[in-house]
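What follows is each chain in one-letter form.
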There are 2 protein chains.
Amino acid sequence: MERKGFGGSMAFSFEVISRDESSQARVGRLVTSRGEVETPAFMPVGTRGAVKAVSPDELWDLGYRLVLANAYHLYLRPGHRLVEQIGGLHRFMDWPGALLTDSGGFQVFSLGRLRKVTEEGVLFQSHLDGSAHMFTPELSVEVQEALGAEIIMCLDDVKEYPVGWEEAHEAVLRTTRWAARCLDSKKKVDPALFGIVQGSTFSDLRRLSADGLTSLGLDGYAIGGLSVGEPRELMIEMIEVTAPHLPEKSPRYLMGVGKPHDIVDGVLRGVDLFDCVLPTRNARNGMLFTSRGPLNIRNTRHRDDPAPVDPQCTCSLCRRYSRAYLRHLFLEKEIYGHRLATLHNLSFYGKLMRETREAIGDGKLDVFARECKARMEEIDD
Amino acid sequence: MERKGFGGSMAFSFEVISRDESSQARVGRLVTSRGEVETPAFMPVGTRGAVKAVSPDELWDLGYRLVLANAYHLYLRPGHRLVEQIGGLHRFMDWPGALLTDSGGFQVFSLGRLRKVTEEGVLFQSHLDGSAHMFTPELSVEVQEALGAEIIMCLDDVKEYPVGWEEAHEAVLRTTRWAARCLDSKKKVDPALFGIVQGSTFSDLRRLSADGLTSLGLDGYAIGGLSVGEPRELMIEMIEVTAPHLPEKSPRYLMGVGKPHDIVDGVLRGVDLFDCVLPTRNARNGMLFTSRGPLNIRNTRHRDDPAPVDPQCTCSLCRRYSRAYLRHLFLEKEIYGHRLATLHNLSFYGKLMRETREAIGDGKLDVFARECKARMEEIDD
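Residues numbered from 1 in each chain as written. Chains lettered and ligands numbered in written order. Predicted model: local features only at pLDDT ≥ 70, side-chain atom pairs only at ≥ 80, totals over all residues. Heavy atoms only, no water.

(A) Inspection of the environment of A:Ile223 at higher detail. All names here are of chain A. Tracing the backbone shows Ile223 in strand β12 (residues 220-223). Judged by relative accessible area, Ile223 falls into the buried class, the value being 0%. Distance from Ile223 to Phe274, taken between C-alpha atoms, is 10.0 Å for residues 51 residues apart in sequence. (Helix = DSSP H or I, 4+ residues; strand = E, 2+ residues; numbered from the N terminus. Buried < 20%, exposed > 50% of the residue type's maximum accessible area, 1.4 Å probe, protein only.)

The structure is reproduced here in structure tokens:
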């Protein structure tokens, strides 16, 4: 069943289940043909069709039902047509849950070289071999439909920080026009199409972008163009001014964020979805999140410590191993150390989201948020 | 319960269950306090207290019950006393099966710098930081007892290939004297102590070494000093001349071997135990063993192949993924590719040993060996 210019996926729905009285936070249920996702939810990042160091089974067992992958990377290698030929990205990576693919807008901005944005699209050189490519809104949708994600993203025009108002304004208007073209070029019924709000750190532009995208009637809305070097306060402010301009009934996704206390701050301002490489990347650097704050397992003080990384954690690492062993694995560059640390941090993020949802349901989010932020604010990597 | 100079472990036994009529091959049952191991068996190598890229659960599920670790590496880092303090190596690495630790003789020979062998022991510089250390037979046993393996090895004097008869002769006599000192310094009752036959590629020295060690009444006997650069034919010949001089009732262990057809050749000559980094190291290089011979997953011909690596294999990789996906993981340097490939190769080796045991039991080892060698002889890395 294919149809041109379809907007409003039939296979996708989002429902707000409960709301926090003292903030904009809400608990929601996002449904795709691959099942339900409870929100607020964190998406592990599987850029190239694999969440680094862990298996799909492990992600599933940790409670994850929605994973992010990147159209930009998979388009360049192994190619979206190849993935489609093997049976789509779910089959390729053997992931039974839902997938969200990013459009490539941010990756072209952050990874591509000799980037040139025109009304048609963005011309860039591959970060792999320098070959020239043009990403248009139409190609981005085509790539994402070939990959077969349940949620696909509109191509957006991302600007660096800081940027002038005029340039940011132009990017907002272009992002809206591109979103309309994405909607128009969408051929498959099932995938939900999300727009991405831009506008740098200008409140008026964030509102303009939110209003423009909302008028298109998309399936969900992301807040993009943040975590690109702006002060944390400005990031929080932009979430705060943007979220109220997005439809209550649609999911809101804060892209590329973040640290645990950033996530809680996003939830307090009405955000439902998050993604970030932080838990997985930091794990591979030996930085582990714990209920008492972060720790670096390479630190000498863990040398002969028989205690688990976090006595309150029930992950494979904390149930079975001492800090001394994990430190040993890291010093010896053993892959198994990366596995265990990644599992642990993803377990931590899964628990963080579960507790956040419970706190909203119990009307105790304010207390939970204060405690969580007090524990986590020391993370500044 | 400690006792000085104990030889002949009470917690260890070995029994020959069945024999092949047309060769020296036998099926055996090796028992330690950590359960039974059916032989001929292959031991995955967990040098630093971790089999690279896989978990203890995965090893167990593949049928492995005996894993090798290295006294040399663990002595240098994190230190045998630290491991002991955490509860021993089984606890440290959370391995429920049995462990065999190598004595360090081979590692000092192959990794250490400025090596100087005296009657007392071997003086070497750490490959990590250049610090000076002396490994004596007594220290090697002390380290291995602290680690807590079920099977420990005597310190041996390994010579490079080629080496003159006189020097090899001296090393044989020293290895025997050192074995006697190992036996004498053993403090724990449980660990089985194995001697290591040396003698380079000299048949008379191999016999001399086997006779010397056998006279000590050790729990098992290894054939060492092979796979150090000698021609394959000489290696096979040395196994052939050595094995008949080792007690029928004791397990025989061919150290550091090897390729599937080398293992089968060892089994045909009466060897019961093997270890080698080949399946795990090759896996990380993208070389996979299959029922139709080896393949390199990086090869372009696998680029868009939806078929599994080996349709006859039931491992996680072959049940779930295409060659196209595994190749993609390798090109992208994804850790998960190393996991899957390692699991696959260890599954292959596990199956090889299982089929070898069955073939002996069914009286069909000659046919099995011919088929196996025909499939595998093309492996020459």
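(B) Quick look at unusual backbone geometry. Residue and element names in this part refer to chain B. Note the cis peptide between Thr39 and Pro40, where omega equals 0°. Checked against the element boundaries, Pro40 lands in the loop between β3 (35-39) and β4 (41-43). A cis amide bond, omega -5°, links Tyr161 with the succeeding residue Pro162. Tracing the sequence through the fold places Pro162 in the loop between β10 (151-153) and α7 (165-185).

(C) Structural context of the state of the cysteines. Within the structure shown, the criterion is met by zero disulfides over all chains. No disulfide involves A:Cys276; its sulfur sits 14 Å from that of A:Cys372, the nearest cysteine. Cysteine B:Cys318 is unpaired, with the sulfur of B:Cys313 as its nearest cysteine sulfur at 3.8 Å. (Disulfide = S-S within 2.5 Å.)

(D) Geometry of the interface of chain B and chain A. Counting residues at the interface gives 39 residues for chain B, matched by 39 residues for chain A. Of the roughly 3500 Å² buried between chain B and chain A, counting both surfaces, carbon and sulfur atoms make up 49%. At the boundary of chain B with chain A, the tally comes to 12 salt bridges. Notably, a salt bridge pairs B:Arg320 with A:Asp57, separated by 2.9 Å at the nearest N-O pair. The interface formed by chain B and chain A contains 22 residue pairs in polar contact (both at pLDDT 80 or more). Looking at the side of chain B that touches chain A, the elements that each hand over two or more residues are α1 (56-61), α3 (80-86), α4 (89-93), α13 (323-331) and α14 (335-361) of chain B. Counting residues per element, the side of chain B that touches chain A draws most heavily on α13(B), at five residues. Among the residues making up the side of chain B that touches chain A, the classes are represented as 18 nonpolar, six polar and 15 charged. (Contact = heavy atoms within 4.5 Å. Buried area = accessible area lost by both parts, 1.4 Å probe. Salt bridge = Lys/Arg side-chain N within 4 Å of Asp/Glu carboxyl O. Polar contact = N/O pair within 3.5 Å; in protein donor to acceptor, adjacent residues only side chain to side chain. Nonpolar A, V, L, I, M, F, W, Y, C, P; charged D, E, K, R; others polar.)

Keep in mind these numbers describe shape, not what the thing actually does.
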